[in-house]
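# Architecture and fold: a report
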Amino acid sequence: MTNSVANLALVGFCILQVMSFLVPQANARAFLVFGDSLVDNGNNDFLATTARADNYPYGIDFPTHRPTGRFSNGLNIPDLISEHLGQESPMPYLSPMLKKDKLLRGANFASAGIGILNDTGIQFLNIIRITKQLEYFEQYKVRVSGLVGEEEMNRLVNGALVLITLGGNDFVNNYYLVPFSARSRQFSLPDYVVFIISEYRKVLRKMYDLGARRVLVTGTGPMGCVPAELAQRSRNGECATELQRAASLYNPQLVQMITDLNNEVGSSAFIAANTQQMHMDFISDPQAYGFVTSKVACCGQGPYNGIGLCTPLSNLCPNRDLFAFWDPFHPSEKASRIIAQQILNGSPEYMHPMNLSTILTVDSMT
């Protein structure tokens, strides 16, 4: 009889252990990431596309010192936000390793090369366009339901922190990709901005309808100031005027759209991150942030190291922390840390209507 009781107790203990393994702890929070190469953690490594960061020297400063699919010398913004949350960065959704408890920590759906529009990045062929990322989000919910049940899944998704980074490619890899592009013949720049903002609104509303309740939405950076654009469009190192004009039209309209959407849903579900200003701080005064340059990429070739891709044959700087840009388009890990800090603690100039630290505090009280 005693043995039977002991055996029952052991079985009960094992069941509790399994349940605690599958049900996220009260203080844990799923982290879901959508968007483009600024936040892709390796999904494109599983796809037949040229938009990949799977070769040396990508990942040279990552803990493993190997390429991971991140368009960085080391960590990117989702990694740095996860670091602050005290949890592992969400895995790429296409990774076969994303299952069980890892699935409950969230997922990264982002794919380099994509935009708000499905015709953005067509030259990269097989990438996960935002409509497909949202389909994968629905699939993710089904998979989580299978692990913990629908009620717990809804709690997890409603309580998740969501990050979405879109928009830059709709200019760089669409409207301005080639002279007289299809979209530039269809729209004047102001009309194009209005069009893509209206399309983005549909994406964010769909996200809300799927259960997202805390969504960080980043604007575009100063697109005309990246080394790739300096190499193509700048004579004396000044930022490319037309792309800067695009950013200055797009970002304020994005903030207004987010404000309108929050009014529509009746809560501060969407948070606007002014990444243009975050970048401009260290682009305008790189020395104040410990950089020697904000014009020349660490890895690349040609003027400003801004031509082509970062490859094993490219010029490579010995100290990545001295460069604001890692490759022709993407910030170095150190620059990403500056941006992540502003997302966490930035004033209303940078984060509207509140920063991530405030969100975490407010949500911990509900």
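The structure this text deals with has already been given above.
Being a predicted model, the structure only gives us computed values, none of them experimental.

### Digging into the sheet that holds strand S5 (residues 270–273)
In a beta sheet, neighbouring strands are held together by backbone hydrogen bonds and run either parallel or antiparallel to one another. Strands sit in the order S2-S1-S3-S4-S5-S8 across an open sheet of six strands; the sheet is mixed. This sheet does not close on itself; its edge strands, each paired only once, are strand S2 (106–108) and strand S8 (351–352). Bridge count between strand S4 (residues 215–218) and S5: four bridges; the pairing is parallel. Across the sheet, residue valine 215 finds its bridge partner in S5, namely phenylalanine 270. Against the sheet, helix H8 (residues 189–209) touches strand S1 (31–35), strand S3 (161–165), S4 and S5, its axis set at about 165° to S3.

### A short note on the nonpolar core
Of all hydrophobic cores here, the largest spans 75 residues; its most connected members are Phe34, Tyr140, Ile164, Phe171, Tyr200 and Leu204. Counting residues per element, this core draws most heavily on H8, which supplies 10 residues. Ranked by size, the runner-up nonpolar core spans 31 residues in total, among them Ala228, Met280, Phe282 and Leu356.

### Some points on the state of the cysteines
On inspection of all chains with the given rule, the structure shows three disulfides. Across the disulfide from cysteine 225 sits cysteine 239; the S-S distance is 2.0 Å. Where cysteine 225 bonds to cysteine 239 through sulfur, the torsion about that S-S bond is close to 110°, and the disulfide is right-handed. Of this pair, cysteine 225 sits in the loop between S4 and helix H9 (227–233) while cysteine 239 sits in the loop between H9 and helix H10 (241–265), and the two are 14 residues apart along the sequence. Assigning the bonded cysteines of the protein consecutive numbers by sequence position, one obtains the connectivity 1-2, 3-6, 4-5.

### Digging into the packing of aromatic side chains
Applying the stated criterion across every chain yields a total of 17 aromatic pairs. With 6.4 Å between their ring centres and 45° between their planes, tyrosine 208 and phenylalanine 270 make a pair best called tilted. Pair noted here: tyrosine 208 is in helix H8 and phenylalanine 270 is in strand S5, with a separation of 62 residues, a long-range link. Residues tyrosine 208 and phenylalanine 270 agree in their burial class; the two are buried. Here the aromatic cluster, defined as three or more aromatic residues joined through ring pairs, consists of Phe171, Tyr175, Tyr176, Phe187, Tyr192, Phe195 and Tyr250. Arginine 213 extends its terminal NZ or CZ atom over the ring of tyrosine 208, reaching a point 3.7 Å from the ring centre.

### Some words on the pattern of salt bridges
Between side chains of opposite charge, a pair can form when the charged atoms approach closely. Evaluated as defined, the whole model comprises 19 salt bridges. The partner of arginine 70 in a salt bridge is aspartate 79, with the nearest N and O atoms 2.7 Å apart. Neither arginine 70 nor aspartate 79 differs from the other in exposure class; each is buried. In this structure, glutamate 264 and arginine 201 form a salt bridge, with 2.9 Å as the shortest nitrogen-oxygen distance. With glutamate 264 in helix H10 and arginine 201 in helix H8, the pair connects residues that are 63 residues apart, well separated along the chain. Classification of glutamate 264 by relative accessible area gives partly exposed; the value is 42%. On the basis of relative accessibility, which here comes to 26%, the residue arginine 201 falls in the partly exposed class. Overlapping salt bridges bring together Arg201, Arg205, Asp209 and Glu264 as one network.

Parameters at a glance
Residues numbered from 1 in each chain as written. Predicted model: local features only at pLDDT ≥ 70, side-chain atom pairs only at ≥ 80, totals over all residues. Heavy atoms only, no water. Pairing = 2+ DSSP bridges. Helix = DSSP H or I, 4+ residues; strand = E, 2+ residues; numbered from the N terminus. Contact = heavy atoms within 4.5 Å. Axes fitted to C-alpha atoms, helices over the stretch in contact; angles between N-to-C directions. Core = buried A, V, L, I, M, F, W, Y, C linked by side-chain atoms within 4.5 Å. Buried < 20%, exposed > 50% of the residue type's maximum accessible area, 1.4 Å probe, protein only. Disulfide = S-S within 2.5 Å. Phe/Tyr/Trp six-rings, centres within 6.5 Å; stacked < 30°, edge-to-face > 60°. Lys NZ or Arg CZ within 6 Å of the ring centre and 35° of its normal. Salt bridge = Lys/Arg side-chain N within 4 Å of Asp/Glu carboxyl O.

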